[in-house]
Amino acid sequence: MAEDSTSMQVEEKDKMNEWVRLTTPDGYEYLIKRKVAMCSGTLRNSLSAESSFSEALSNTSHTTERAIIVEKLCEYLTYKSLYESAKKNEEIPDFQERVYPEISLELLVAADYYDDWPMQHAFQRDAMRPNLAQARLPAKPEA
């Protein structure tokens, strides 16, 4: 009987860990699946079981962005999770059509913070560039 209650507690804990709560300073809370939240590098690091962050223990991440920004962030993470394994010939709808122009700059700043993939890509691109100090410039043509 003790084994049954222990296994039920483990199952309940797993179900609780399936969801992540994002809170905003203006009092809104958003629940998203953990799998979806893990599409964000920042959320993945803070919610990781190996980290000692309070977010990992409580499955709650306190954001500094307004609710409308966090809502679009959740929508984008869901979009990314849904289409990241899409086949090349599969048509993927454009996400930009869902972004209101009034919040685009604020959303860009939040996306840069929460989703570090483009930043990693830029670092890889910079690492592949030749060192300009070592590069030889072509000789100037004589006049």
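Model, not experiment: these values are computed from the prediction.

Criteria and thresholds
Residues numbered from 1 in each chain as written. Predicted model: local features only at pLDDT ≥ 70, side-chain atom pairs only at ≥ 80, totals over all residues. Heavy atoms only, no water. Helix = DSSP H or I, 4+ residues; strand = E, 2+ residues; numbered from the N terminus. Buried < 20%, exposed > 50% of the residue type's maximum accessible area, 1.4 Å probe, protein only. Contact = heavy atoms within 4.5 Å. Areas by Shrake-Rupley, 256 points an atom, 1.4 Å probe, with all protein chains shown as cover. pLDDT = per-residue confidence, 0-100. Salt bridge = Lys/Arg side-chain N within 4 Å of Asp/Glu carboxyl O.

1. A few points about the overall build of the protein chain
Then, number 1: Looking only at helices and strands, the protein chain has seven helices and three strands in total.
Then, number 2: Going from N to C terminus, the protein chain has its helices and strands arranged as α-β-β-α-α-α-β-α-α-α.
Then, number 3: Going through the 143 residues of the protein chain one by one, you find that 28% of them count as buried.
Then, number 4: In the protein chain, the proportion of contacts linking residues at least 24 apart, taken out of those at least 6 apart, comes to 57%.
Then, number 5: Carbon together with sulfur atoms contributes 56% to the accessible area of the protein chain, which is approximately 11300 Å² in total.

2. Notes on the side chain of Ser40
Then, number 1: Tracing the sequence through the fold places Ser40 in the loop between helix 2 (34-37) and helix 3 (41-47).
Then, number 2: Those residues in contact with Ser40, other than ones at most four positions away along the chain, are Leu77, Tyr114 and Asp115.

3. Concerning the confidence of the model for the protein chain
Then, number 1: Of the residues in the protein chain, 69% have a pLDDT of 70 or more, and the chain-wide mean is 77.
Then, number 2: Ignoring residues within four places in sequence, the model shows residues 117-138, a span with pLDDT below 50, making two contacts including any to other chains.

4. Examining the pattern of salt bridges
Then, number 1: Taken as a whole and assessed by the stated rule, the structure comprises five salt bridges.
Then, number 2: Notably, a salt bridge pairs Lys33 with Glu18, separated by 2.7 Å at the nearest N-O pair. Remark: Glu18 occurs in the loop between helix 1 (2-17) and strand 1 (19-23) and Lys33 occurs in strand 2 (residues 29-33); sequence separation between them is 15 residues.
Then, number 3: Taking relative accessible area as the criterion, Lys33 reaches 35% and is therefore assigned partly exposed.
Then, number 4: For Glu18, a relative accessible area of 36% gives the class partly exposed.
Then, number 5: Here Arg66 makes a salt bridge to Glu106, at a shortest N to O gap of 2.9 Å. Of this pair, Arg66 sits in the loop between strand 3 (60-62) and helix 5 (67-83) while Glu106 is found in helix 6 (residues 104-114), placing the two residues 40 residues apart along the sequence.

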